[in-house]
Amino acid sequence: MKRMGVALVVAGLLSVTVPGGAVHAAPEPGSLGSVVKAIKKQFAKHSSVRFSVKRHGGPPSYFDMKAFGAYRFRTSGMYAADTTEITREGEGISRSRGISIGRDFYSQAYARSKDGKYIWKSPSALGKWTYGRGFSGVVWKEDLINGINPGFLELVASNGATSSDGGTFEGVRTTLHSGTVTVPELGGRQAGMFFGTEEGRGLWGGPITWKLWVGPDNLPRRFHAIMRFTPDPKYGGGEVETMTMNILYRGWGSPVKITAPPKSLLTDDW
């Protein structure tokens, strides 16, 4: 099994589900409750948004990365994603693309050295796509650390978020919501970084210091998080590792088409 196959297996093992709390009272204008309401309205409209991510640091098993792509929504939340991820691994650069539509997942990835030679490919034939179904590690869930995830926003809203003038971002006046929340579990999988709220579940926990800039429509424009991975002593302890993550959201409601690759290009060669 190639590298991507191993990554997906690990991603599935790292998957957890944390149910998001419901917003029972009418949210106050300018509050995180208003942001959650605006995001869920986009879900109900089967809308979409484009995004870009930069991530740096973290435990030794993580690579610095940048990614870009788009999300499509359904009433229940995230339905489809098309993500291209680029990382530097030693002397080479790896590039992967994953398309997730419901429970179906398609991927292709490769790494090349500085002289342009392929270090590895998955699948082995360029232009082909691997296919899988039901990989829990690639599915969006309410435990992702993301500025458009209602589960995360409801968690931080219950832990003392503050709001202030966020200035102008890309020509739009913004409100800045910010705060810090400490969770007993921090980790990552194909779909993104995640948190857990149950003690004793993971190798790392620690504080997440976050900032979220939203426009006049209460829709997120930028999300910034600093995660401090603190090792659980029962797993041997170790040094605290810091990861920073910055996500930009653009084109709320603009047309986005996410489709599966042609069947003729699918293979079970990982």
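Residues numbered from 1 in each chain as written. Predicted model: local features only at pLDDT ≥ 70, side-chain atom pairs only at ≥ 80, totals over all residues. Heavy atoms only, no water.

Student: Would you explain the overall build of the chain in this entry?
Tutor: Helices and strands together make up the secondary structure of the chain, namely three helices and 14 strands. For the chain, the proportion of its 270 residues judged to be buried stands at 47%. Excluding contacts between residues fewer than 6 apart, the proportion of contacts in the chain whose partners are at least 24 apart in sequence is 59%. Looking at the chain as shown, the accessible area adds up to about 13,300 Å², and 53% of this sits on carbon and sulfur atoms. (Helix = DSSP H or I, 4+ residues; strand = E, 2+ residues; numbered from the N terminus. Buried < 20%, exposed > 50% of the residue type's maximum accessible area, 1.4 Å probe, protein only. Contact = heavy atoms within 4.5 Å. Areas by Shrake-Rupley, 256 points an atom, 1.4 Å probe, with all protein chains shown as cover.)

Student: Would you explain the pattern of salt bridges in this entry?
Tutor: When their charged atoms lie close together, side chains carrying opposite charge are able to pair. Tallying each qualifying case throughout the model produces nine salt bridges. Where D82 meets R97, a salt bridge forms, and the shortest distance between an N and an O atom there is 2.7 Å. Taken together, the residues D82 in strand β3 (residues 77-89) and R97 in strand β4 (residues 92-101) connect sequence positions 15 residues apart. According to the relative accessible area criterion, D82 is buried, its value standing at 15%. The class for R97 is partly exposed, based on a relative accessible area of 32%. The salt bridge involving R221 is made with D217; its shortest N-O contact spans 2.7 Å. Judged by relative accessible area, which is 16%, R221 ranks as buried. On the basis of relative accessibility, which here comes to 37%, the residue D217 falls in the partly exposed class. (Salt bridge = Lys/Arg side-chain N within 4 Å of Asp/Glu carboxyl O.)

Student: What exactly am I supposed to notice about the packing of aromatic side chains here?
Tutor: Pairs of aromatic rings are described using the distance from one ring centre to the other and the angle between the two planes. Scanning the entire structure with this criterion turns up 11 aromatic pairs. For R74, the ring lying beneath its charged end belongs to Y79, and the centroid distance is 3.6 Å. The side chain of K121 reaches across the aromatic face of Y118, ending 5.1 Å from its centre. (Phe/Tyr/Trp six-rings, centres within 6.5 Å; stacked < 30°, edge-to-face > 60°. Lys NZ or Arg CZ within 6 Å of the ring centre and 35° of its normal.)

Student: Explanation requested: helix α2 (residues 32-44) in the structure shown.
Tutor: The periodicity of an α-helix, 3.6 residues per turn, causes residues three or four positions apart to be oriented the same way. Along its 13 residues, α2 runs 18 Å from first to last C-alpha, staying within 8% of the 18 Å computed at 1.5 Å per residue. Among the residues of α2, L32, G33, S34, V35, V36, A38, I39, Q42 and F43 are the ones counted as buried. Buried-residue contacts for α2 involve β2 (65-74), β3, α3 (150-157), β9 (172-189), β11 (204-214) and β12 (220-231). At the C-terminal side of α2, H46 shows a positive phi close to 55°. (Expected span 1.5 Å × (residues − 1).)

Interpretation in functional terms is not warranted from these geometric data alone.
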